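# Coordinate inspection notes
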Amino acid sequence: MLFLPAALLAQIAGEAQAASPRECCGLIEGAGGGRDFHATALHPALNLAAAPDRFEIDPAAHFAAVKAARENGHAIIGCYHSHPQGRAEPSRHDVAGAQEENFLWLIAGPEGVKAFAYSAGGFEPVKLILGADLVTSSL
Ligand SMILES: [Zn+2]
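What this report covers is the structure whose coordinates are included nearby. Bear in mind the structure is a predicted one, so any value in this text is a computation, not a measurement.

## Here's the deal with the environment of Ala96
Within the secondary structure, Ala96 is located in helix H3 (residues 92-97). As a C-alpha pair, Ala96 and Gly122 span 26 residues in sequence and 9.7 Å in three-dimensional space.

## Description of helix H2 (residues 59-71)
With 13 residues, H2 ought to run about 18 Å at 1.5 Å a step, and its terminal C-alpha atoms sit 19 Å apart, in line with that. With its phi angle positive at about 75°, Gly73 sits one or two positions after the end of H2.

## Examining the pairing of strand S7 (residues 122-126)
The element S7 is largely exposed, with a buried count of 0 among its 5 residues. Bridge count for strand S6 (residues 112-119) against S7 is 5 bridges, and the pairing is antiparallel. Bridge pairing links Tyr118 to Phe123 in S7.

## Here we look at the nonpolar core
With 32 residues, the main nonpolar core has Ile12, Ile28, Leu104 and Leu106 as its most contacted residues. Going through the elements one at a time, strand S1 (2-5), helix H1 (6-19), strand S2 (25-33), strand S3 (36-45), H2, strand S4 (75-82), strand S5 (103-109) and S6 are the ones with two or more residues in this core. Residues within four places of Ile28 in sequence aside, it is in contact with Ala39, Leu42, Ile76, Ile77, Gly78, Cys79, Tyr80, Leu104 and Leu106.

## Quick look at H1
Taking 1.5 Å per residue as the helical rise, H1 with its 14 residues ought to reach 20 Å, and the 20 Å between its terminal C-alpha atoms agrees with that figure. Of the residues making up H1, those classed as buried are Leu8, Ile12, Glu15 and Ala16. Each buried residue of H1 sits inside an arc of 100° when the element is viewed along its axis, so together they form one side. Seen from the open side of H1, the exposed residues pointing more than 90 degrees away from its buried face are Ala6, Ala7, Ala10, Gly14, Gln17 and Ala18. Here the buried face of H1 lies against S1, S3, S4, S5 and S6.

How each quantity is defined
- Residues numbered from 1 in each chain as written.
- Predicted model: local features only at pLDDT ≥ 70, side-chain atom pairs only at ≥ 80, totals over all residues.
- Helix = DSSP H or I, 4+ residues; strand = E, 2+ residues; numbered from the N terminus.
- Expected span 1.5 Å × (residues − 1).
- Buried ≥ 20, exposed ≤ 12 C-beta atoms within 10 Å, placed from the backbone.
- Pairing = 2+ DSSP bridges.
- Core = buried A, V, L, I, M, F, W, Y, C linked by C-beta atoms within 7 Å.
- Contact = placed C-beta atoms within 7 Å.
- Arc of directions from axis to C-beta.

Right under this line is the structure:
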């Protein structure tokens, strides 16, 4: 499962709304691995994709996010993006573009935000647990 502070969920929803009709995207900083993840911060990134139904995280933003996470004693545990027109589920482009094992994917759609983990060539739903910021600030 993924423990996500409510403030971060609100941030993703806000970015999704601001980017619409294009997709927003960014990286998730946190801790964990295996089955349980704790998100602690988001790193919004420029979407370099030309098509409105794709996202491509700016490599410079990716590099900066990894560095910032390390400095906090964390790691980049996943990415997030929005589907302004579609469902909050991985699209065929997402499946084709996914590479990193045990990497979290948060997808914001009109019906809300859903979490998935990519491993062994596919996406598995991950239970999203919303918490107060206090829960993760001690990590
Ligand atoms: Zn997508």
